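Residue-level structural notes
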Amino acid sequence: MTQATRARLKPNAIISPIDRPLFDKASIMGRSRRIDTSAEVWQIGETEPVSLNWSALSRFPELLVSEIKYALEFFLEKMSPNTVANFFEILKRLCKSIDEWEDEPSLAQQLSEFVFDFIVSNRNRDDETHLNNLRHWYLRSYHLGLTLFERKTCQVLSKLSFKGNHKGLDVMVYMEGRSPLRSDEMTLLRKSLYECRQRVTPYHPIFPKLVATWLFVVLGVRPKQLLLLMTADFSVNVDEDTGNKTYLLNVPSVKKRHMLPRTQFKSRILPVFLGEMIEQLISVTYGDLFSSQLMAGNEEQLLFIGKNDNGRRNRQATFERFEASPGYSFFHNSPSDVIAFIDEWRVSKGLPALDLKLTPRRLRKTFATHAALMGTPAIALMELLDHEDLQHIMVYYQLGVNFSLRVDAVYKKYFSDHLAFFEGKITLKELVKRKNINTVFGPDSLKKLVGIGLCAKGSPCSLQPPYSCYGCNKFEASNDISVHQEVLMAMQNEVREKFGDDAPPGFYTVPHINACNELVRRLEVDHE
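Residues numbered from 1 in each chain as written. Predicted model: local features only at pLDDT ≥ 70, side-chain atom pairs only at ≥ 80, totals over all residues. Heavy atoms only, no water.

Time to look at the overall build of the protein chain. Along its length, the protein chain carries 19 helices and nine strands. Out of the 528 residues in the protein chain, the part that is buried amounts to 42%. A separation of at least 24 residues holds for 63% of the contacts in the protein chain among residues at least 6 apart in sequence. Of the roughly 30,000 Å² that the protein chain leaves accessible, carbon and sulfur atoms contribute 52%. (Helix = DSSP H or I, 4+ residues; strand = E, 2+ residues; numbered from the N terminus. Buried < 20%, exposed > 50% of the residue type's maximum accessible area, 1.4 Å probe, protein only. Contact = heavy atoms within 4.5 Å. Areas by Shrake-Rupley, 256 points an atom, 1.4 Å probe, with all protein chains shown as cover.)

A separate point is the packing of helix α2 (residues 62-78) against helix α5 (residues 129-143). For the pair α2 and α5, interaxial distance at closest approach is 10 Å and the crossing angle is 95°. When the interaxial angle is binned, α2 and α5 end up roughly perpendicular. Facing α2, whose interface residues are Ile68, Ala71, Phe74 and Phe75, α5 presents His136, Trp137, Arg140 and Ser141. Within the contact of α2 with α5, the residues separate by chemical class into five nonpolar, two polar and one charged. (Axes fitted to C-alpha atoms, helices over the stretch in contact; angles between N-to-C directions. Parallel < 35°, antiparallel > 145°, perpendicular 65-115°, else oblique. Nonpolar A, V, L, I, M, F, W, Y, C, P; charged D, E, K, R; others polar.)

Another aspect to go through is unusual backbone geometry. The backbone phi angle of aspartate 355 is positive, close to 55°, even though this residue is not glycine. Following the sequence through the fold, aspartate 355 ends up in the loop between α12 (328-348) and α13 (360-373). Of note, the phi angle at aspartate 386 is positive, near 65°, even though the residue is not glycine. Position of aspartate 386 relative to the elements: it lies in the loop between α14 (378-384) and α15 (394-414). By relative accessible area, aspartate 386 is classed as buried at 5%.

Bringing the sheet that holds strand β6 (residues 245-252) into the picture now. Strand order in the open sheet formed by three strands is β5-β6-β7, and the pairing between neighbours is antiparallel. Each end of this open sheet is capped by a strand with a single partner; those strands are β5 (234-238) and β7 (265-270). Pairs of neighbouring strands in the sheet enclose a mean axial angle of 25°, with direction left out of account. When β6 meets β7, the two strands line up antiparallel, connected through six bridges. From the neighbouring strand, leucine 248 faces β7, where its bridge partner is isoleucine 269. Across the sheet, helix α9 (residues 207-219) is in contact with β6 and β7; its angle to β7 comes to roughly 100°. (Pairing = 2+ DSSP bridges.)

A separate point is the confidence of the model for the protein chain. Taken residue by residue, the protein chain gives an average pLDDT of 80. The fraction at 70 or more is 77%. Contacts from residues 308-316, a stretch scored under 50 in pLDDT, to residues over four places away or in other chains number 11 contacts. Low pLDDT, under 50, characterises residues 436-443; the stretch is placed with 16 contacts to residues that sit more than four places away or in other chains. (pLDDT = per-residue confidence, 0-100.)

Moving on: the environment of arginine 521. Mapped onto the elements, arginine 521 comes out in helix α19 (residues 511-527). Taking the C-alpha atoms as reference points, arginine 521 and glutamine 485, separated by 36 residues in sequence, lie 9.7 Å from one another. A distance of 2.6 Å separates the side chain of arginine 521 from the side chain of glutamate 518, its partner in a polar contact. (Polar contact = N/O pair within 3.5 Å; in protein donor to acceptor, adjacent residues only side chain to side chain.)

Take leucine 302: it is sitting in the loop between α11 (272-286) and α12. On the accessibility criterion, leucine 302 (3% relative accessible area) is buried. C-alpha of leucine 302 to C-alpha of leucine 229: the two residues are 73 residues apart in sequence and 6.2 Å apart in space.

Within this structure, the stated rule accounts for 18 aromatic pairs. Ring centres of phenylalanine 60 and tryptophan 101 lie 6.1 Å apart, and the angle between their planes is 75°; this geometry places the pair in the edge-to-face category. One end of the pair, phenylalanine 60, is in the loop between β4 (51-53) and α2; the other, tryptophan 101, is in the loop between α3 (81-96) and α4 (107-121), and 41 residues separate them in sequence. Phenylalanine 60 gets classed as buried once you look at its relative accessible area, which sits at 6%. Between the aromatic rings of tryptophan 101 and phenylalanine 114, the centroid separation amounts to 4.9 Å while the plane-to-plane angle is 80°, which identifies the pairing as edge-to-face. (Phe/Tyr/Trp six-rings, centres within 6.5 Å; stacked < 30°, edge-to-face > 60°.)

This part is about a nonpolar patch on the surface. A grouping of Ile379, Leu390 and Met394 is seen on the molecular surface, where their side chains present a nonpolar patch of about 240 Å² in accessible area. Along the chain, the position of methionine 394 falls in helix α15. (Patch = residues over 30% accessible without salt bridge, like charges linked within 9 Å, V, L, I, M, F, W, Y side chains within 5 Å. Salt bridge = Lys/Arg side-chain N within 4 Å of Asp/Glu carboxyl O.)

This part covers the pairing of β6. The sheet contact formed by β5 and β6 spans five bridges and is antiparallel. Paired with serine 235 across the strands is leucine 248, a residue of β6. Hairpin connection between β5 and β6: a loop of six residues separates the two successive antiparallel strands, and glycine 243 in this loop has a positive phi of roughly 80°.

This paragraph deals with the nonpolar core. Counting residues in hydrophobic clusters, the biggest one holds 49 residues, and the most contacted among them are Phe60 and Trp137. Mapped by element, the contributors of at least two residues to this core are α2, α3, α4, α5 and α6 (151-159). Ranked by residues supplied to this core, first place goes to α2 with nine residues. With 48 residues, the next largest nonpolar core counts Phe216, Leu274, Met277 and Ile278 among its residues. (Core = buried A, V, L, I, M, F, W, Y, C linked by side-chain atoms within 4.5 Å.)

Bringing the pattern of salt bridges into the picture now. One side chain can pair with another of opposite charge once the charged atoms of both are near each other. Scanning all chains against the criterion turns up 13 salt bridges. With a shortest N-O distance of 2.8 Å, glutamate 73 and lysine 25 are connected by a salt bridge. Here the residue glutamate 73 occupies a position in helix α2, and lysine 25 occupies one in the loop between α1 (3-6) and β1 (27-29), the gap between them amounting to 48 residues. Beyond isolated ion pairs, a larger network of salt bridges with shared partners links Arg182, Asp184 and Glu185.

The subject of this paragraph is a negative patch on the surface. Together, Asp99, Glu100, Glu102, Asp103, Glu104, Glu113 and Asp117 make up a negatively charged patch on the protein surface. Residue position: aspartate 103 is located in the loop between α3 and α4. (Lys, Arg positive; Asp, Glu negative; His and termini not counted. Charge placed at Lys NZ, Arg CZ, Asp CG, Glu CD.)

Looking now at the side chain of arginine 33. When you line up the elements, arginine 33 lands in the loop between β1 and β2 (34-36). Overall, the relative accessible area of 15% leaves arginine 33 in the buried class. Within the structure, the side chain of arginine 33 is placed 2.7 Å from the backbone oxygen of glutamine 43, a separation counted as a polar contact.

Next up, the structure:
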């Protein structure tokens, strides 16, 4: 929406009502095209089907429906169709909550009462975005001079505080299947996507979804940005001297609602392998039509195109330029479909499934989180994520601050003396005196044990030493039997502490206790 509509509407403003005839316009002008308003259903979509069925507001008086249409006409000139549809949805809910309209009092007073009753009965502890939409519709309708909207009601509505949805909560707090992927999960995902690319050809049905998934991973874009992509947005530059190729993709903006679709772009550099995949996708989809000479000039072709089994084109959008698009669901489901394809192959080969829950939103948050932690400036990340202001991306930097504070706390707790030594505040003798450096990272009962052996692994162990040591083929045990006897006794005592003296015998024969016991017996034989 424009800057004027984004500004806070002043409820104290005195707006003179303007008498308008009942809405009977055959068409109105939206952001990007003319919309037919002569029928009961308005098709307002730009890149995907979005419709307003006015029969859902049949309980409203004719005059109120007429004024709602005037308000939505104003919205459609400046807002996205999905935003306008959200206003229409809350009006449908308001309409269903009304039993009947009376002759007295006036329609304006009854509307105010119904609005307040609806708000009171639909308050929500977590998310009241829909109620805020209702308030904005009422305030804007009053500012348009529509006769059924009262100044006093606007003043009261402006004082109400509605709760918004908790944006960024899944970034600040780990939520299974929703929070950004961890580094190890992201590494595994990238490796699996590489392997998938080696197994499928550009003619495979999963290939377009694999390309879309890679774009989510590499660029952190929204599904609608991929829906808007044309072949002209993809460019290939060839170095005349070396013959090396570089790939660029002009990603269209969809967040800046006051701009028409495909009027603002952000150029993004693509990895070579992804650029080659897009080249192959275009070649398979359009054949020889897109040679290196023709590709840049033909901007009417979609980068991703829908296919129907019956051979007939199914109209997927009201804006003709995108009627062959595969639709929002194709892009939204692409990551999960690719993971399902990979898991099916892995299981068939006897490998464990990845079992990752992937959505474009989760991959977008992962992209933003990793970019912030690598030191990407906030302004640059805002542009990459196609946001209008910084408030939506600061949660990723707040995460980094919280993480840094936690790391500092850990360093202070466990390594404060070491840091003091390196800063010259204490001597080496004092450091050795304060700290027993030879400790084992294991249970508290075993942390003071030293000398049980060496590890030939050469890197920090991700298992549970010293329990895992005795069954590990890289463990080089010492020949001091007393140390291992002490470890065995500590393991057995831990079982007694947790399960009591009546613990089942099987608890004392678990693999790590058996392995330690076997080592003790072998050392006893050797000593004899």
